[in-house]
Amino acid sequence: MTETIVTDVVIVGAGPVGLFTVFELGLLDVKVHMIDILSKPGGQCSELYPEKPIYDIPGFPLVTGQALVDNLLEQCKPFSPTMHYGEMVESVEVLGDATAPKFRLRTDAGEIFECKSILIAAGGGSFQPKKPPITGIELYEGTSVFYAVRKMEAFAGKKVLIVGGGDSALDWTLNLHPLAERVTLLHRRDAFRAAPHSVNAMRELVGNGAMDLLLGQVTSLKGQDGQLQGAAIKHDDGTTTEIECNVLLPFFGLTMKLGPIADWGLNLHENLVPVDTEKFETSVPGIFAVGDINTYPGKLKLILSGFHEGALAAQRVHRYVYPEKRLTFQYTTSSTSLQKKLGVA
Ligand code: FAD
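Residues numbered from 1 in each chain as written. Predicted model: local features only at pLDDT ≥ 70, side-chain atom pairs only at ≥ 80, totals over all residues. Heavy atoms only, no water.

Within the structure shown, the criterion is met by seven aromatic pairs. Between Phe280 and Tyr296, the ring centres sit 5.5 Å apart and the planes meet at 65 degrees, which makes this aromatic pair edge-to-face. Taken together, the positions of Phe280 in the loop between β20 (273-274) and β21 (287-289) and Tyr296 in the loop between β22 (294-295) and α6 (303-321) put the pair 16 residues apart, joining distant regions of the chain. For Tyr296, a relative accessible area of 16% gives the class buried. Ring centres of Phe288 and Tyr320 lie 6.0 Å apart, and the angle between their planes is 70 degrees; on these two criteria the pair is classed as edge-to-face. (Phe/Tyr/Trp six-rings, centres within 6.5 Å; stacked < 30°, edge-to-face > 60°. Helix = DSSP H or I, 4+ residues; strand = E, 2+ residues; numbered from the N terminus. Buried < 20%, exposed > 50% of the residue type's maximum accessible area, 1.4 Å probe, protein only.)

Written as structure tokens, this is what we have:
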């Protein structure tokens, strides 16, 4: 049986706002476990615009999405949050009463958490893969068709067809080609959005005969009982050929959906979670929502707004975690607990 992980607070979502809230909670001695569906931290900043410059983070005239995330990780490191990547929080159960709430969360990886308070920092919700319009593709999903690579060894010795022209398609082409029996990359046209060094590496492999590059689109799949045997490919000149493959990895980008949060018993307004502007608590006492996922009059979906919300929510979360303790406000410049953790006191 899975052992329940008991902690003060679970933060759902490791985007910029969740990461900064770890820091704010750490200052108040609150222990955090953080869960994100993605395989890495950073939310939209890392997933959608890692190399774009952001100009409105106070004190940083210019910082890229990824550099901001790297700095936020460095900032919360002294408080050693436990990160759980590649897991989606599916359900939330209220255990205690409104005065002393307790919560149980379950993830799609089978992990169970119990905590005194929850912070939802889930942004636009969960990133969902955009699926290619191939009739019957769902018959192969999870057995031969995958929208993310969780374990590379699963593709050892397989004939892998990767579709797409962005960073994910190119990265997995380069990573899987030494393991797979054969990798074929298929893209609509001979121009790629991926980083130029990945494209060059891929072209070198094609030139050496170590993998195949095809231009066109998958029109149908062939196989039985979820086991893929081949794919029909329509080329630019109108001809169709069939290639052998056991695995199809389409990388067509991601969209965001609210996902399971809709079923957690919270009041919702147009797929957002309404909160008050004093403590950013939801309709369920003990559950808070910060960052892009929340709504209130005048809300601006900006990273700096989420940072403010996280700082205020942390003050109230402290009361649920330490009901007997009075909180004294302290600047970080005079926080001895932070300075001890940083080794400067
Ligand atoms: P997100 O960054 O969306 O992170 C939420 C995380 O929660 C995700 O990683 C997701 O996987 C995870 N999650 C969701 N549901 C679950 C679940 N059930 N279980 C586990 N994990 C879950 N803002 C600015 O301030 N300045 C800018 O210049 C700027 N430029 C932008 C440019 C682009 C192209 C885009 C797309 C956005 C830009 N933004 C900008 C907006 C900014 O990125 C968002 O406001 C910010 O990312 C919100 O942070 P967040 O932590 O609330 O959510």
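Picking up where we left off.
To continue, consider the domain arrangement of the protein chain. The assigned domain composition of the protein chain is domain 1 (5-127 + 255-341) and domain 2 (131-252). For domain 1 versus domain 2, the separation of C-alpha centres amounts to 36 Å. (Domains from an automatic or database assignment.)

Turning to helix α5 (residues 196-207), a few remarks are in order. Its 12 residues give α5 an end-to-end C-alpha distance of 16 Å, which sits within 8% of 16 Å, the value for a rise of 1.5 Å per residue. In this structure, the buried side of α5 is in contact with α4 (167-176), β13 (182-187) and β14 (212-215). With its phi angle positive at about 75 degrees, Gly209 sits one or two positions after the end of α5. (Expected span 1.5 Å × (residues − 1). Contact = heavy atoms within 4.5 Å.)

We now examine the pairing of strand β18 (residues 247-250). Side-chain alternation along β18 places Val247 and Leu249 on one buried face and Leu248 and Pro250 on a second face that is also buried. Two elements, strand β12 (residues 159-163) and β18, share four bridges in a ladder whose sense is parallel. Within the sheet, the bridge partner assigned to Val163 lies in β18 and is Pro250. (Pairing = 2+ DSSP bridges.)

Okay, the state of the cysteines next. Tallied over the entire structure, the rule returns zero disulfides. Cys115 carries a free sulfur, and the closest cysteine sulfur to it, the one in Cys76, is 18 Å from it. (Disulfide = S-S within 2.5 Å.)

Another point: the site of the ligand. Around the ligand, a shell composed of 31 residues is seen, among which Asp36, Gln44, Tyr49, Asp292 and Ile303 lie nearest. Between Tyr49 and the ligand, the recorded distance is 2.5 Å, taken from a side-chain N or O atom to an oxygen atom. About the coverage of the ligand: the protein hides 87% of its 1000 Å² of free accessible area. Those elements giving two or more residues to the shell around the ligand turn out to be α1 (16-27), β3 (32-36), α2 (43-47) and β11 (126-129). (Near = heavy atom within 4 Å. Polar contact = N/O pair within 3.5 Å; in protein donor to acceptor, adjacent residues only side chain to side chain. Areas by Shrake-Rupley, 256 points an atom, 1.4 Å probe, with all protein chains shown as cover.)

Take the side chain of Asp8 next. Positionally, Asp8 belongs in the loop between β1 (5-6) and β2 (9-12). Summary of buried charges: Asp8 has no salt-bridge partner, and the nearest side chain of opposite charge, Lys116, is 4.1 Å away. Within the structure, Asp8 has its side chain in polar contact with the backbone nitrogen of Lys31 (distance 2.8 Å). In contact with Asp8, other than residues within four places in its own chain, are Asp29, Val30, Lys31, Cys115, Lys116, Ser117, Val321 and Tyr322. (Lys, Arg positive; Asp, Glu negative; His and termini not counted. Salt bridge = Lys/Arg side-chain N within 4 Å of Asp/Glu carboxyl O.)

This part covers the environment of Ser91. Structurally, Ser91 can be placed in strand β7 (residues 89-94). With residues near it in sequence (within four places) discarded, Ser91 still touches Arg104, Leu105, Arg106 and Trp264.

With that out of the way, let us pick up the nonpolar core. Ranked by internal contacts, the top residues of the largest apolar core, which has 61 residues, are Val9, Ile11, Leu25, Leu105, Ile118, Leu119 and Ile120. For Ile120, the residues in contact, after removing those within four places along its chain, are Val12, Ile261, Trp264, Leu266, Ile287, Phe288, Ala289, Val290 and Ile293. Judged by nonpolar contacts, the second largest core, of 19 residues, contains Leu170, Leu176, Phe192 and Met202. (Core = buried A, V, L, I, M, F, W, Y, C linked by side-chain atoms within 4.5 Å.)

Before going further, it helps to spend a moment on the sheet that holds β2. Judged by pairing direction, the sheet is parallel, and its five strands sit side by side in the order β6-β3-β2-β10-β21 without closing on themselves. What marks the edges here is a single partner per strand, and that holds for β6 (82-85) and β21. Geometrically, the sheet is characterised by an average inter-axis angle of 20 degrees between neighbouring strands, direction not taken into account. Two elements, strand β10 (residues 117-120) and β21, share three bridges in a ladder whose sense is parallel. Considered in β21, the bridge of Leu119 is made with Phe288. (Axes fitted to C-alpha atoms, helices over the stretch in contact; angles between N-to-C directions.)

This next bit is on the sheet that holds strand β15 (residues 217-224). With antiparallel pairing, three strands are arranged side by side in an open sheet as β15-β16-β17. Looking at the sheet topology across the chains shown, the edges are occupied by β15 and β17 (240-244). Strand-to-strand twist in this sheet, taken as the mean axis angle between neighbours without regard to direction, amounts to 25 degrees. Strand direction decides the pairing type here: strand β16 (residues 227-234) and β17, joined by five bridges, are antiparallel.

This brings us to the packing of α4 against α5. Two elements in contact, α4 and α5, have axes whose closest approach is 10 Å; the angle formed by their N-to-C orientations is 45 degrees. With respect to each other, α4 and α5 are oriented oblique. Considering the relative orientation of α4 and α5, their crossing is left-handed. Contacts between α4 and α5 involve Leu170, Asp171, Thr173 and Leu174 from the first element and Ser198, Val199, Ala201, Met202 and Leu205 from the second. (Parallel < 35°, antiparallel > 145°, perpendicular 65-115°, else oblique. Left-handed = near helix turned anticlockwise from the far one by under 90°.)

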